[in-house]
Amino acid sequence: MSRRVRVALKAGVWLVCLSPLAKLFYGFWTDDLTANPISYVTNELGQTTLRLLLLSLALTPLRILFGWGWQMPLRRLLGLFAFFYVCLHLSVWVVLDHFFDWREMGADIVKRPYITVGMLAFTLLVPLTATSTTGMIKRLGAARWRRLHRLVYAAAVAGCLHFIWLAKKVRPDPWVYAAILALLLGIRVWDSARRFARRRDHLLGSSAMDSTARLLVFLVLLLTGCAGVTPRAPGPPDAAAPTRHVLPNGVVVISQEHRASDIVAVQLWLRVGGRDEAPAELGLSHYLEHMLFKGTPTRPPGSIDTEIEGLGGNSNAFTSYDFTHYDLVVPLSGLRAAAALLADIAVNAAFVPAELESEKKVVFEEMNLTEDDPERFLQRRLTEAAYPAHPYGRPLLGTREFVKNLTRETLNAYYKKHYVPANMVLVVVGAVTPAQARDVAAETFGRLTGPAPVRPAVGPPTRRGAPQDVRRSERQAYLGIAWHAAPTGNTDIYAVDLLTYILGDGPSSRLNQVLREQRGLVQTIDASYIPRQLSGLVSVTARLDAKNFDAAEAAVREIVRRVRDEGVTSAERERAITTAESSYAFDIETVEGLAKAYGQAETTWTLQDEVHYLERVRRVSAEQIRAAARTYFGDDNYVRVRFLPEGAR
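Visitor: Got a sec to walk through unusual backbone geometry? Specific residues and values, please.
Guide: For Phe-351, which is not glycine, the phi dihedral falls at a positive 50°. With respect to the secondary-structure elements, Phe-351 resides in the loop between α13 (335-348) and α14 (353-372). According to the relative accessible area criterion, Phe-351 is buried, its value standing at 1%.

Below you can see the structure in the form of structure tokens.
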């Protein structure tokens, strides 16, 4: 799903969710809130809460029944709106019904069961809302967060009981809500039973296992399920390890069975990216990402999007310095068609001149969006400063002048040179066996031919650039600091990963505690680590007042120096490991995310390294984290970029 579609979906949700409130305001403005306005408003707000709560609960059953995945990012937004309306519902009762008479309200809660149950529903929603931020998800960890948020079902049950008890038998609508909730719960129970049966059948599949052993295994599984034990580190659910197979023409096929729902992610990865471009080819990897869905000789412009929609799927693409990838998520029935489509665009892109020219406007707008967003633009300028004489320092989007003069011949020559079978990786993850995935890959990608890949030899970066001060129109100042760090394939990446979490991930990190909480030098500060194939980059970025530039930079250096000199605590190490586990769990929560993890591993390091990532992270000691700080985070080996507001000194 494209970024524009996601933005449009969220905008639509906002409009739909705010329309009941707009309706009430309109009724108030026109004096049309019935003869009993307080009762009417209370009822409307309560029903809106139930509708939104049930709608948020319906998204997962939709994925279970139909394999849809596009709606899943909307769950938290719908849940937050439900909490917003229940707060309004409660406020009307507190302010207009009782006018802050706490004694009377307390008596009502005790004496009237429907109010007691309603307050229970509200109370259950409070911790769910408080933990619905990305930061809280990381701090709690994926497993604990999921267990906590199962309370939403208890809140929904309490909400329906509240409405039924209040309305008694006069109205049918409370029973409609209850029936819908029962149906949604039934689907979830059925899906859990189905997945449990799959695990049981897999375990009991050996013909050598006698009936007594089967009964014992079943009891063990049952007791384990009742105990609710969750592994500390989540891996791919209900699935074996990924398999890797190389077709005769050099295409690598990675597959994994993942039965969370009847959908499948089909992804094409290319070992070509921004680092492979010559100076006269700047931005071509990214431009190909835009053009491959624009048509082939057998699929005219516009037909590819129509075909994907007809399969019930969605598409996406992404360009990096080390790779380019194309992503389809479709129902299982569309697997063969999706693979055939990717194989077609991989070697037969038409580059229709009209489409080529039209897409230039899209790329120009993408450049504008990057430059207009200070945080994104800071990261780009920081990368350029860190790699001044290296392909990693070039803008992935290219330059306006080059894109403006780009011809079909130039783009096609680059395409034919790099889009060859031996540069391709096909990743298939979902409701499909490895054997089925290999058969589909052989039928589609196995037929492709092409020359051996020619990848330009590029070494690691050898120097950093000078500090940069950039004048910007924003009133807020920005600071960026970056160090070269371990590339993929280097065993230091695990320690650097944990060190980055300790330094600047979340409110409890060292940078946040010292610079923001204790000294008030910044409004926000974060640390991130991008472990590319030839060189990793750790960056610290902050939003602050221009007068605090020098003090903030000195404080960052001081914190890093203390890690080098004194190391990190056991509690910091444990918290960083928990953060790494939860981040990884969310990355691989969907078939699309799991496929991306495997594709990126195959094109930038190895599949086996990816499979053992968490295992190796957990083995990192506090001393290894300190050693990584000494190796990569020196006082004199970083680059700095500052965004200065106009008029600042």
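Moving on, there is more to tell.
Visitor: Can you lay out a nonpolar patch on the surface for me, pointing to particular residues and giving the numbers?
Guide: Among the surface-exposed residues, Trp-14, Leu-18 and Phe-84 lie close enough to one another that they form a single nonpolar patch of about 270 Å² accessible area. Examined against the element boundaries, Phe-84 turns out to sit in helix α3 (residues 75-97). For Phe-84, a relative accessible area of 33% translates into the label partly exposed.

Visitor: So what's going on with the pattern of salt bridges? Which residues, and what values?
Guide: Summed over the entire model, instances satisfying the criterion amount to 31 salt bridges. Across the salt bridge formed by Glu-558 and Arg-519, the nearest N and O atoms sit 3.1 Å from each other. Here the residue Glu-558 occupies a position in helix α21 (residues 549-566), and Arg-519 occupies one in the loop between α20 (510-518) and β9 (522-531), the gap between them amounting to 39 residues. Given the relative accessible area of 39%, Arg-519 is considered partly exposed. Ionic pairing is found between Asp-635 and Arg-557, a salt bridge with its closest N-O pair at 3.9 Å. Placement of the pair is Asp-635 in the loop between α26 (622-632) and β11 (638-645) and Arg-557 in helix α21, with a sequence separation of 78 residues. With a relative accessible area of 25%, Asp-635 lands in the partly exposed category. Judged by relative accessible area, which is 29%, Arg-557 ranks as partly exposed.

Visitor: Describe the sheet that holds strand β1 (residues 243-246), listing the residues and the values that go with them.
Guide: In spatial order, the strands read β1-β2-β6-β3-β5-β4; together these six strands make up an open sheet with mixed pairing. Only two strands of the sheet have a single neighbouring strand rather than two, namely β1 and β4 (314-319). The average undirected angle you get between the axes of adjacent strands in this sheet is 15°. Bridge count for β4 against strand β5 (residues 324-331) is six bridges, and the pairing is antiparallel. Residue pairing across strands places Ala-317 opposite Tyr-326, the latter belonging to β5.

Visitor: So, the packing of aromatic side chains: which residues are in play, and what are the values?
Guide: Ring pairs (aromatic) are described by centroid distance and by the angle formed between their planes. Inspection of the entire model under this criterion finds 18 aromatic pairs. An angle of 85° between the planes, with centres 6.5 Å apart, marks the rings of Phe-81 and Phe-84 as edge-to-face. You can see Phe-81 and its partner Phe-84 sitting in helix α3, three residues apart, about one turn around the helix. Owing to a relative accessible area of 7%, Phe-81 belongs among the buried residues under this scheme. Each residue in the set Phe-293, Tyr-326, Phe-351, Tyr-415 and Tyr-419 is aromatic and connected to the rest through ring pairs, giving one cluster. For Arg-532, the ring lying beneath its charged end belongs to Tyr-392, and the centroid distance is 5.5 Å. The ring centre of Phe-549 lies 4.8 Å from the NZ or CZ of Arg-642, which sits over that ring.

Basis of the calculations
The residue numbering used here restarts from 1 in each chain and proceeds along that chain's sequence as written. Confidence filtering applies because this is a predicted model: local features only for residues at pLDDT of at least 70, side-chain atom pairs given and counted only at 80 or more, and all residues used for totals across whole chains, interfaces and linings. Excluding hydrogens and water, the side-chain figures rest on all heavy atoms present in the structure. Runs of E in the DSSP output that reach at least two residues are strands. Runs of H or I that reach at least four are helices, and both are numbered from the N terminus. Each residue is assigned to one of three classes by its accessible area relative to the maximum for its type, calculated with a 1.4 Å probe on protein chains only: buried under 20%, partly exposed between the two thresholds, exposed over 50%. What makes a patch is a set of residues exposed beyond 30% relative accessible area and free of salt bridges, joined within 9 Å when like-charged and within 5 Å when nonpolar (Val, Leu, Ile, Met, Phe, Trp, Tyr). Surface exposure here means Shrake-Rupley accessible area, sampled with a 1.4 Å probe, where a residue is shielded only by the protein chains that are shown. What counts as a salt bridge is simple: a side-chain nitrogen of Lys or Arg found within 4 Å of a carboxyl oxygen of Asp or Glu. Note on pairing: two strands pair once DSSP finds at least 2 bridges between them. An axis is simply a line fitted to the C-alpha atoms; with a helix, the fit covers only the stretch in contact. Between two such axes, the angle follows the N-to-C directions and lies from 0 to 180 degrees. When the centres of two rings from Phe, Tyr and Trp lie within 6.5 Å, Trp using its six-membered ring, the rings pair. Their planes under 30 degrees apart give stacked, over 60 give edge-to-face, and anything left gives tilted. A positively charged side chain is recorded as over a ring if its NZ (Lys) or CZ (Arg) lies within 6 Å of the ring centre. The angle to the ring normal must also be within 35 degrees.

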